[in-house]
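# Architecture at a glance
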Amino acid sequence: MFGLERPEGWQKAGGACPSMACVGDFNVLSSSIPATKVELSVSCRNLLDRDTFSKSDPICVLYTQAIGNKEWREFGRTEVIDNTLNPDFVRKFIMDYFFEERENLRFDFYDVDSKSPNLSKHDFLGQMFCTLGEIVGSQGSRLEKPIVGIPGKKCGTVIVTAEELGCCRDAVLMQFCANKLDKKDFFGKSDPFLVFHRSNEDGSFTICHKTEVVKNTLNPVWQAFKISVRALCNGDYDRTIKVEVYDWDRDGSHDFIGEFTTSYRELSRGQSQFNVYEVINPKKKGKKKKYVNSGTVTLLSFLIETEVSFLDYIKGGTQINFTVAIDFTASNGNPSQPTSLHYMNPYQLNAYGMALKAVGEIIQDYDSDKMFPALGFGARLPPDGRVSHEFALNGNPQNPYCHGIDGVMEAYYRSLKSVQLYGPTNFAPVINHVARYAASVKDGSQYFVLLIITDGVISDMAQTKESIVNASKLPMSIIIVGVGPAEFDAMEELDGDVVRISSRGKFAERDIVQFVPFRDYIDRSGNHVLSMARLAKDVLAEIPEQFLSYMRVRGIKPSPAPPPYTPPIHVLQTQI
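Residues numbered from 1 in each chain as written. Predicted model: local features only at pLDDT ≥ 70, side-chain atom pairs only at ≥ 80, totals over all residues. Heavy atoms only, no water.

## Description of the packing of aromatic side chains
Ring pairs (aromatic) are described by centroid distance and by the angle formed between their planes. Per the stated rule, a full pass over the model turns up 20 aromatic pairs. Measuring from ring centre to ring centre gives 5.5 Å for F176 and F196, while their planes differ by 50°; the resulting arrangement is tilted. Remark: F196 occurs in strand β10 (residues 192-199) and F176 occurs in strand β9 (residues 170-179); sequence separation between them is 20 residues. According to the relative accessible area criterion, F196 is buried, its value standing at 1%. Their ring planes at 65° and their centres at 5.6 Å tell us that Y264 and F302 sit as a pair that is edge-to-face. Placement of Y264 in helix α3 (residues 264-267) and of F302 in strand β16 (residues 296-306) is noted, with a sequence separation of 38 residues between them. Residue F302 is classed as buried on the basis of its relative accessible area of 14%. One aromatic cluster in this structure is built from F328, Y352, F391, Y412 and Y413. (Phe/Tyr/Trp six-rings, centres within 6.5 Å; stacked < 30°, edge-to-face > 60°. Helix = DSSP H or I, 4+ residues; strand = E, 2+ residues; numbered from the N terminus. Buried < 20%, exposed > 50% of the residue type's maximum accessible area, 1.4 Å probe, protein only.)

As structure tokens, this is what we get:
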């Protein structure tokens, strides 16, 4: 997850981007809209040199710390830059910035020695600790700090710049070629590539794209590339874009051929005489009277594409249907005992109740009728004691719907009093139950989210994998929350973040499962609101991207948003 963006489009009416939320605006449970998004750019100067025959090949790894949790989690990595102690990393980290949250950050630097993703296989170059607020609050949102972590060594400095992202969702597909570039190599022609920089408000430049290298030519044609308008100019069409032309060298000391400047507005004219640029080398220009240029770069094509967001579909009327499935197996313990995970404490919610409320209260905002099917599995049902892995919590198999999250909670408590906890722990029946509904509406008008809350080890792993692989073709996502102290190793396999899940040689079409153990989110001070907010934020984070991946694969575009309602105008008749 290299600083992957969540879908944009968190817009207020009229397309204005909320630049900052007031502290009073933010409701920790009902709001998943970040105050704003910021893009972090990282550069280093005078890094330690760990390589004997060349310079270090640095990478930056960013870690974040969950609120109230000491554990550092990897957020993302930049690319590796070969042979340099002064890297300007191209890959950015895009983060939600909440004014009211302290976001601790840790930047670790390594000299990469092999293709292994395992950081312990590479040389540590030092680290820097700060908070997101510290970066944003620095002058020009530019924080410069020494790199520390290796006693007795000067490890250099790191510069982190934060730029608030505009709400521009266009991307452009561009292609360039060049003619008669300066020859830089002694034995052959040049190996040219382009580097694009956008200008910042303080006049400095931030790298935003590098083309590939075209070998041994002075007249290269580069491949077309796609870049978001936000990355290119932060949505400011007249902002200067500087393009540098280099001749690639194996040792990393690339030769500067020349540069030119343009803007999004100029580029958007497309292929024309206005988009043929003279490449100028200022040093050569200063020295040689007859100097004309170091070649020309021509824009061959310019195509604008608008990226659609999760909220575009929601605005167009797509409904999110939420189903909950609760584990009623005997391993949860007797519900009348305080040690049970199903214990009905009159003063506070149990773990099942907290997980259900945390996720449900956010999802219910996207479901217009607020009617939710609530299922149970792993219990013996009255009157005959048959074991069921797909029973309605409200006791009505023909109509398992409950009104609102409060209705689901009520049905859950009621069924605890009437069913007998039993076993085994089978997931496939409830997954197939939701899949049957999802299979009947594949036009993009509805999307299904199944929340499974369980205490433990799954009994029908093979059938569950098959159900998930089949469901990955349907408009649905599955959230699994593990409660209690059990080992949840098998659930990690279902999550599919590391290795895509497969069944009988068939791989899931897309990743639709998100698993989290609830114990990771429990607030030590007993603040359950905080525990629930953290849980909801994490488990729901992947839903918009999973939703969009289904729509993209199926080629489903959002429906146009209905026109805003305008009340009829009553004509007043005046009596004469």
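## Points about the environment of V359
Mapped onto the secondary structure, V359 falls in helix α6 (residues 351-363). Setting aside anything within four residues of it in sequence, one finds V359 in contact with F322, L451, I479, V539 and L540. (Contact = heavy atoms within 4.5 Å.)

## A closer look at the nonpolar core
Counting 54 residues, the largest nonpolar core has F328, L451, I479, V481, L535 and L540 as the members making the most contacts within it. Examining the composition of this core, we find that nine residues originate from one element, α6, more than from any other. Contacts of L451, omitting those with residues within four sequence positions, involve F322, T323, V324, A325, A355, L356, V359, I479 and V481. (Core = buried A, V, L, I, M, F, W, Y, C linked by side-chain atoms within 4.5 Å.)

## Digging into the layout of surface pockets
Any space left empty among the atoms is revealed by the rolling of a water-sized probe across them. Here the second largest pocket defines a volume of roughly 1,300 Å³. Contributing to the lining of the second largest pocket are 49 residues, with S43, D88, H197, T206 and I207 lying nearest its centre. Contributing elements (two or more residues each) for the lining of the second largest pocket: β1 (36-45), β8 (157-164), β10, β11 (205-210) and β13 (240-247). The class makeup of the residues in the lining of the second largest pocket is 14 nonpolar, 17 polar and 18 charged. (1 Å grid on protein atoms, 1.4 Å probe; cavity = no way out; pocket = protein on both sides within 12 Å on 5 of 7 lines; lining within 4 Å. Points joined across faces, edges and corners; volume = space filled by probe spheres on them. Nonpolar A, V, L, I, M, F, W, Y, C, P; charged D, E, K, R; others polar.)

## A few points about the sheet that holds strand β20 (residues 386-388)
Two strands in a sheet stick together by hydrogen bonds in their backbones, pointing the same way (parallel) or opposite ways (antiparallel). In spatial order, the strands read β20-β19-β23; together these three strands make up an open sheet with antiparallel pairing. Of all strands in the sheet, those bounded by a partner on one side alone are β20 and β23 (420-421). In this sheet, β20 lies alongside strand β19 (residues 379-381) in antiparallel orientation, the contact comprising three bridges. The partner of A379 across the bridge, within β20, is S388. (Pairing = 2+ DSSP bridges.)

## Re the pattern of salt bridges
Scanning all chains against the criterion turns up 23 salt bridges. Between R198 and E163 there is a salt bridge whose closest N-O contact spans 3.5 Å. Remark: E163 occurs in strand β8 and R198 occurs in strand β10; sequence separation between them is 35 residues. Between K465 and E493 there is a salt bridge, and its shortest N-O distance comes to 2.5 Å. Highlighted residues: K465 in helix α9 (residues 461-471) and E493 in helix α10 (residues 489-495), separated in sequence by 28 residues. Salt bridges sharing partners connect three or more residues here, namely E39, E163, R198, E201, R230, D236 and R239. (Salt bridge = Lys/Arg side-chain N within 4 Å of Asp/Glu carboxyl O.)

## Details of the environment of G270
With respect to the helices and strands, the residue G270 is situated in the loop between α3 and β15 (276-278). Residue G270 is classed as buried on the basis of its relative accessible area, which comes to 10%.

## Some words on helix α12 (residues 543-554)
Over its twelve residues, α12 extends 17 Å from the first C-alpha to the last, a length consistent with the 16 Å expected when each residue adds 1.5 Å. Every buried residue of α12 is accounted for by I543, P544, Q546, F547, L548, S549, Y550 and M551. Where α12 ends, the next residue or the one after it, G555, has phi of about 65°, a positive value. (Expected span 1.5 Å × (residues − 1).)

## Concerning unusual backbone geometry
Omega for the bond connecting P382 with P383 falls within 30 degrees of zero, at 0°, which places this linkage in the cis form. Examined against the element boundaries, P383 turns out to sit in the loop between β19 and β20. Cis geometry is adopted by the peptide bond preceding P424, which originates at G423 and carries an omega value of -10°. Tracing the sequence through the fold places P424 in the loop between β23 and α8 (428-439). One non-glycine residue, N216, lies in the positive phi region at around 55°. The residue N216 is located in the loop between β11 and β12 (225-228) in this model.

## Details of the packing of α6 against helix α11 (residues 528-540)
Relative placement of two packed helices is described by the angle separating their axes and the distance separating the axes. Put simply, α6 and α11 touch, their axes get as near as 9 Å, and they point 60° apart. By the criterion of interaxial angle, the relationship of α6 to α11 is oblique. Seen from above, α6 lies across α11 with right-handed handedness. Contact residues: M354, A355, K357, A358, V359, I362 and I363 in α6; H528, M532, L535, A536, V539 and L540 in α11. When the residues that make up the contact of α6 with α11 are grouped by side-chain class, the tally is eleven nonpolar, one polar and one charged. (Axes fitted to C-alpha atoms, helices over the stretch in contact; angles between N-to-C directions. Parallel < 35°, antiparallel > 145°, perpendicular 65-115°, else oblique. Left-handed = near helix turned anticlockwise from the far one by under 90°.)

## A look at the side chain of N350
Inspection of the secondary structure puts N350 in the loop between β17 (319-327) and α6. Relative accessible area serves as the criterion here: at 9%, N350 is assigned to the buried category. Separated by 2.7 Å, the side chain of N350 and the backbone nitrogen of G353 make a polar contact. Apart from residues lying up to four places away in sequence, N350 is in contact with L341, H342, Y343 and Y412. (Polar contact = N/O pair within 3.5 Å; in protein donor to acceptor, adjacent residues only side chain to side chain.)

## Describing the packing of α8 against α9
Running from N to C, α8 and α9 cross one another at 15°; their axes reach a closest spacing of 9 Å. The pairing of α8 with α9 is recorded here as roughly parallel in orientation. With respect to the hand of their crossing, α8 and α9 are arranged in left-handed fashion. Residues A428, I431 and N432 of α8 lie in contact with α9, whose contacting residues are Q463, T464, S467 and I468. Of the residues assigned to the contact of α8 with α9, the class counts are three nonpolar, four polar and no charged.

The values are spatial; any link to function lies outside them.
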